[in-house]
Each structure stands twice: as structure tokens, then as C-alpha cells.
Amino acid sequence: MTTRRTLNTALLWAGLALSAPALALDAPSSRPVLTVSGKIAVKNAGNTARFDMKMIKALPQHSFTTRTPWFDKPVKFTGPLLADLLPAVKAHGTTLSAVAINDYRIDIPMTDVQRYKVIVAHQLDDKSMAVRDKGPLFVVFPFDTAAELRTSTYYERSIWQLKALEVR
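Let us look at the structure shown here. (Residues numbered from 1 in each chain as written. Predicted model: local features only at pLDDT ≥ 70, side-chain atom pairs only at ≥ 80, totals over all residues. Heavy atoms only, no water.)

A word on the overall build of the protein
Helices and strands together make up the secondary structure of the protein, namely five helices and 11 strands. Among the 168 residues that make up the protein, the fraction classed as buried is 40%. Within the protein, contacts between residues at least 6 apart in sequence are counted, and of these 59% link residues at least 24 apart. Roughly 9400 Å² of accessible area belongs to the protein as shown, and the carbon and sulfur atoms make up 55% of that amount. (Helix = DSSP H or I, 4+ residues; strand = E, 2+ residues; numbered from the N terminus. Buried < 20%, exposed > 50% of the residue type's maximum accessible area, 1.4 Å probe, protein only. Contact = heavy atoms within 4.5 Å. Areas by Shrake-Rupley, 256 points an atom, 1.4 Å probe, with all protein chains shown as cover.)

Side note on the sheet that holds strand β5 (residues 95-100)
Here we have five strands laid out as an open sheet, ordered β2-β1-β11-β5-β6, and mixed in their pairing. Every other strand in the sheet has two partners, leaving β2 (49-52) and β6 (105-109) as the edge strands with one partner each. Here the average twist between neighbouring strands, direction ignored, is 20 degrees. Where β5 meets strand β11 (residues 162-167), five bridges bridge the pair, whose relative direction is antiparallel. Across the sheet, residue Val99 finds its bridge partner in β11, namely Ala164. (Pairing = 2+ DSSP bridges. Axes fitted to C-alpha atoms, helices over the stretch in contact; angles between N-to-C directions.)

Overview of the packing of aromatic side chains
The full count for this structure, using the stated rule, is 13 aromatic pairs. On the numbers, 6.3 Å between centres and 65 degrees between planes, the contact of Tyr116 with Phe141 is edge-to-face. Highlighted residues: Tyr116 in the loop between α4 (110-115) and β7 (119-121) and Phe141 in the loop between β10 (138-140) and α5 (152-157), separated in sequence by 25 residues. Ring-pair connections join several aromatic residues into one group, and the members of that group are Phe64, Trp70, Phe71, Phe77, Tyr116, Phe138, Phe141, Phe143, Tyr154, Tyr155 and Trp160. We note Lys134 situated over the ring of Phe71; from NZ or CZ to the ring centre the distance is 6.0 Å. (Phe/Tyr/Trp six-rings, centres within 6.5 Å; stacked < 30°, edge-to-face > 60°. Lys NZ or Arg CZ within 6 Å of the ring centre and 35° of its normal.)

Describing the pattern of salt bridges
Side-chain pairs of opposite charge can arise where the charged atoms are in close proximity. Counted by the stated rule, this structure contains five salt bridges. Put simply, Asp126 and Lys76 hold a salt bridge, and the shortest N to O gap is 2.9 Å. Taken together, the positions of Asp126 in the loop between β8 (123-124) and β9 (127-128) and Lys76 in strand β4 (residues 75-79) put the pair 50 residues apart, joining distant regions of the chain. As a salt-bridge pair, Asp103 and Lys163 come within 3.1 Å of each other at their nearest N and O atoms. Placement of the pair is Asp103 in the loop between β5 and β6 and Lys163 in strand β11, with a sequence separation of 60 residues. (Salt bridge = Lys/Arg side-chain N within 4 Å of Asp/Glu carboxyl O.)

Considerations on the pairing of strand β1 (residues 32-38)
Across four bridges, β1 lies against β2 in antiparallel orientation. Residue pairing in the sheet places Leu34 in a bridge with Phe51 of β2. Alignment of β1 against β11, held across four bridges, turns out to be parallel. For Ser37, the partnering residue across the bridge sits in β11 and is Glu166.

A word on the environment of Asn102
One can find Asn102 in the loop between β5 and β6. Separated by 60 residues in sequence, Asn102 and Leu162 have C-alpha atoms that sit 9.1 Å apart. Looking at Asn102, its side chain comes within polar contact range of the main-chain nitrogen of Tyr104, at 3.0 Å. (Polar contact = N/O pair within 3.5 Å; in protein donor to acceptor, adjacent residues only side chain to side chain.)

With respect to the sheet that holds β8
The pairing of strands in a sheet happens through backbone hydrogen bonds and is either parallel or antiparallel. Overall, antiparallel pairing links the four strands, which are arranged β3-β4-β8-β9 in an open sheet. What marks the edges here is a single partner per strand, and that holds for β3 (62-66) and β9. The pairing of β8 with β9 spans two bridges and is classified as antiparallel. By the bridge assignment for β9, Gln123 is matched with Ser128.

Geometric descriptors of this kind do not, in isolation, establish any biological role.
Pasting the structure below:
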């Protein structure tokens, strides 16, 4: 019994040690490309969480190919899911206010994040996205997976040149 208790205690401490880095968010080592603010518990710059591209790429990466109104053929988008990015800052709200470089702003309900595999794309057809290519970050819905996504509501929520998210 003592051996089992010792093993369980060791496993518990090992698990806590391994999960501790996930609770911290390092400061960006290069120019930040995304700032998350509002109802978040994990911060690395005052009341905000800032991500550089290396931090974005360190999150689990996902890809899908979809048709969009902005490209003449289906294109492949790659990046982390919003559903992976938001837990990194322990977001707790009902709405994301997304802001682009040109100050375009759109609200995205958290239910969209839970229901659809929404990507914060940093690659288009396996190439980094420059500002002139709607980058460096582009919130994209998997339009070809559901008819309801192929509407102006979801096209408007697909914000390119994303620079900030405010959790409300």
C-alpha cells in the first residue's frame, strides 16, 4: 500500500510539474502579432496577453481547404483553432470582439468557437500570409462544412489582418 501511495503521489507531482508551464504564458520574443484582452486570466503584458508568430505556431496546428468569396478557387488555411488559443489565456466570456489592422471590428459569439473549427490562419496554401495576402492572421470558418456558414454573417466574422481579440 505504501508503494502504491508513493507512486500515486509521485505521479501527481509529475503531472502538476508538467502542467505548470501550460498555465504560464511567456512574453513574446519577437514582434507581437496578436493581443488578447478583456476577460482573460493568463496575461504576459500588463492586462493583456501578447502572442508573437512563434507562440501562435507553438499551439496545435490545424488545416482545412475551403472555398471563400475572396479567392477564385478553394484554398488551404493553417493555424491554431480559436478553441485552442482561448484556453491558453483562460478566456471566459460570451463574445470575442475581433479587430483588424485597419480597425475593422466584428463580434464573434463564443458559441461559434465551440460549434465550428474556426482557425486563426497564419498560412495560406502552406505559405506564410503577408499583410497584402490578408495576413499575418486571418480568422477563417470552414465554410464548406455547413451551408449556414456560407452566408454574409459568417463571411463578415472572418476577419483578415487580425491584430486583437477582446473577450467580453
